[in-house]
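Each chain, letter by letter, is given below.
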Amino acid sequence: MAEINYDSQTKMLCGFPQIKKLGAISPNGESTPFVWNNRLCRLELDDATNGVDCVCEASAVIRDREIGEIISRFGEGCYYYSFYQENDTAYVLGTKSENGSLCGSKIMIYESTDLEEWKCRELIYREGWQFFNSALTKGDDGYVLLLEFGPHPFSYTFATSPDMVNWEFMPDECIFGKDRSVGGPWMKYSNGWYYVISVEELPLSRYTNYIHRTKDFRTWYTGYYNPIFMPSEDDRLLSPYACDLSEDLKEQIKTVFISSNSDIDMCDWNGKTLFTYNAGNQLGFYFLCEAEYDGSVADFLEANFK
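Residues numbered from 1 in each chain as written. Predicted model: local features only at pLDDT ≥ 70, side-chain atom pairs only at ≥ 80, totals over all residues. Heavy atoms only, no water.

Visitor: Is there a simple way to explain the overall build of the protein chain in this structure?
Guide: What the protein chain contains, in helices and strands, is 2 helices and 21 strands. Computed over its C-alpha atoms, the radius of gyration of the protein chain comes to 18 Å, within 12% of the 19 Å expected for a compact globule of 306 residues. With respect to the three principal axes, the spread of C-alpha positions in the protein chain is 50 × 45 × 40 Å. Burial statistics for the protein chain: of 306 residues in total, 56% are counted as buried. Surface exposure of the protein chain reaches about 13800 Å², of which carbon and sulfur atoms provide 46%. (Helix = DSSP H or I, 4+ residues; strand = E, 2+ residues; numbered from the N terminus. Rg over C-alpha atoms; globule rule 2.2 N^0.38 Å. Buried < 20%, exposed > 50% of the residue type's maximum accessible area, 1.4 Å probe, protein only. Areas by Shrake-Rupley, 256 points an atom, 1.4 Å probe, with all protein chains shown as cover.)

The structure is reproduced here in structure tokens:
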């Protein structure tokens, strides 16, 4: 794997993409915003222990963003949920928890056409591997699945499928992140490129998000404007769409040690890119926030390489 970074001849022609943080919206974790029948919704990880207790009753939650109502709850026995949408079908991937841990060697997929009733099946299995987060997208040649594996340091392996049933793993030369730990992935195919956003650790236990892109999963290009955004006081804002934030949590948010912005996801909404991300400290405390970019997801992705 080759990674192409900036050099002394690199020019930033469009300037840093301007992202506006909108504030805390939920006490839950890793999330995906998506539009369903002109309704803005959100997948959330609901884990009252924030990943500290491996013997927990975590679940996936689908929520209406405008009113905060929970539409459905499912996925018990899995963790590290991610979302993919195609036509009139919603898919949620979850890593099957095994051996008293939150990770495992099997990814399950939940499928729904109404966000209420979900059918479940095994998506992919690889004996002896420990998978954590996942991400699914579709390119011109079929589906690509990203699988974060560990334990720490974390890296990414990839698999391809023509039908979301039969999978073939890419060769080990395509593993991304062998030289450092990468995690909390987001992936999307856009205008001929596969874009991946990763959580990376900075010195002194700070965490933020870096964007890369590739056409062949062997040569990767690093975004010019990394990191996408850093922890800031704006993480302490309260969104007008905030829901289920207790008074105790609101007080914590005012002064909690924030050293991490992680697990970015995004969708197009009203001509803008709407982000969700976790703010916290990677020490067992996080909450869910929103942000926005004045342009489409495709525009935002391309802007990071101009």
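Visitor: What exactly am I supposed to notice about unusual backbone geometry here?
Guide: One can expect most non-glycine residues to show negative phi and most peptide bonds to be in trans. At the junction of Gly150 and Pro151, the peptide bond is cis and its omega measures out at 15° in the coordinates. Mapped onto the elements of the fold, Pro151 is located in the loop between strand E12 (142-150) and strand E13 (155-161). Located in the positive-phi region is Leu204, a residue other than glycine, with phi close to 60°. Residue position: Leu204 is located in the loop between strand E16 (193-202) and strand E17 (206-214). One non-glycine residue, Asp263, lies in positive phi territory at about 55°. Judged by its relative accessible area of 12%, Asp263 falls in the buried class.

Visitor: What should I look at first to understand the nonpolar core in this one?
Guide: The nonpolar side chains of a soluble globular protein tend to be buried with one another. Core analysis: the largest hydrophobic core is formed by 28 residues, its most contacted members being Ile264, Met266 and Phe287. Counting residues per element, the ones that place at least two in this core are E16, helix H1 (247-255), strand E19 (260-269), strand E20 (272-280), strand E21 (286-293) and helix H2 (297-303). Here Phe287 is in contact with Ala24, Ser26, Pro27, Asn28, Asp235, Ile253, Val256, Ile258, Tyr277, Asn278 and Ala279, once residues within four sequence places are set aside. The next biggest cluster of nonpolar side chains, apart from the first, holds 26 residues, and it includes Phe34, Trp36, Phe74 and Leu115. (Core = buried A, V, L, I, M, F, W, Y, C linked by side-chain atoms within 4.5 Å. Contact = heavy atoms within 4.5 Å.)

Visitor: What is the right way to look at the sheet that holds strand E5 (residues 59-64) in this model?
Guide: Pairing between the strands of a sheet is mediated by backbone hydrogen bonds and can be parallel or antiparallel. Reading across from one edge, E3-E4-E5-E6 is the order of the 4 strands in this open sheet, with antiparallel pairing throughout. Pairing within the sheet leaves two strands with one partner each, and these edge strands are strand E3 (31-36) and strand E6 (70-74). The average undirected angle you get between the axes of adjacent strands in this sheet is 20°. (Pairing = 2+ DSSP bridges. Axes fitted to C-alpha atoms, helices over the stretch in contact; angles between N-to-C directions.)

Visitor: In this structure, what is going on with the packing of aromatic side chains? I would like to understand it.
Guide: The geometry of an aromatic ring pair is captured by two quantities: the separation of the ring centres and the angle between the planes. Scanning the entire structure with this criterion turns up 26 aromatic pairs. Between Phe74 and Trp118, the aromatic rings sit 4.2 Å apart at their centres with planes inclined by 20°, giving stacked as the arrangement. One end of the pair, Phe74, is in strand E6; the other, Trp118, is in the loop between strand E9 (106-112) and strand E10 (119-125), and 44 residues separate them in sequence. With respect to class, Phe74 is no different from Trp118; both count as buried. Chaining the aromatic ring pairs together yields one cluster made of Tyr156, Phe158, Phe176, Tyr189, Tyr194, Phe217 and Trp220. Just above the ring of Tyr241 sits the side chain of Arg65; from NZ or CZ to the centre is 3.7 Å. Positioned above the aromatic ring of Phe305, the side-chain terminus of Arg213 is 4.3 Å from the ring centre. (Phe/Tyr/Trp six-rings, centres within 6.5 Å; stacked < 30°, edge-to-face > 60°. Lys NZ or Arg CZ within 6 Å of the ring centre and 35° of its normal.)

Visitor: In this structure, what is going on with the sheet that holds E12? I would like to understand it.
Guide: If you trace the 4 strands from one edge of the open sheet to the other, you get E11-E12-E13-E14, paired in antiparallel fashion. Each edge of the sheet is formed by a strand with only one pairing partner; in this case those strands are strand E11 (130-139) and strand E14 (168-169).

Visitor: In this structure, what is going on with a negative patch on the surface? I would like to understand it.
Guide: A surface patch of negative charge is lined by Glu69, Asp114, Glu116 and Glu117. Along the chain, Glu69 turns up in the loop between E5 and E6. (Patch = residues over 30% accessible without salt bridge, like charges linked within 9 Å, V, L, I, M, F, W, Y side chains within 5 Å. Salt bridge = Lys/Arg side-chain N within 4 Å of Asp/Glu carboxyl O. Lys, Arg positive; Asp, Glu negative; His and termini not counted. Charge placed at Lys NZ, Arg CZ, Asp CG, Glu CD.)

Visitor: Can you help me understand the pairing of E21 in this one?
Guide: Regular strands show a simple pattern: their side chains alternate between the two faces of the sheet. A large share of E21 lies buried, amounting to 7 of its 8 residues. As paired elements, strand E2 (residues 19-26) and E21 share 6 bridges and run antiparallel to each other. What sits directly across from Ser26, in E21, is Leu288. Relative to E21, E20 runs antiparallel, the two being bridged by 8 bridges. Looking at E21, one finds that Gly280 is bridged to Tyr286. Linking two consecutive strands that pair antiparallel, namely E20 and E21, is a turn of 5 residues; a positive phi of about 60° is found at Gln282 within it.

Visitor: Explanation requested: the side chain of Ser112 in the structure shown.
Guide: Relative to the elements of secondary structure, Ser112 occurs in strand E9. The class of Ser112 is buried, set by a relative accessible area of 2%. In terms of polar contacts, Ser112 uses its side chain to reach the backbone amide nitrogen of Leu115, at 2.8 Å. Here the side chain of Ser112 touches Glu117 through a polar contact of 2.8 Å, landing on its backbone oxygen. Not counting residues within four places of it along the chain, the set of residues in contact with Ser112 comprises Trp36, Asp88, Thr89, Ala90, Glu117 and Trp118. (Polar contact = N/O pair within 3.5 Å; in protein donor to acceptor, adjacent residues only side chain to side chain.)

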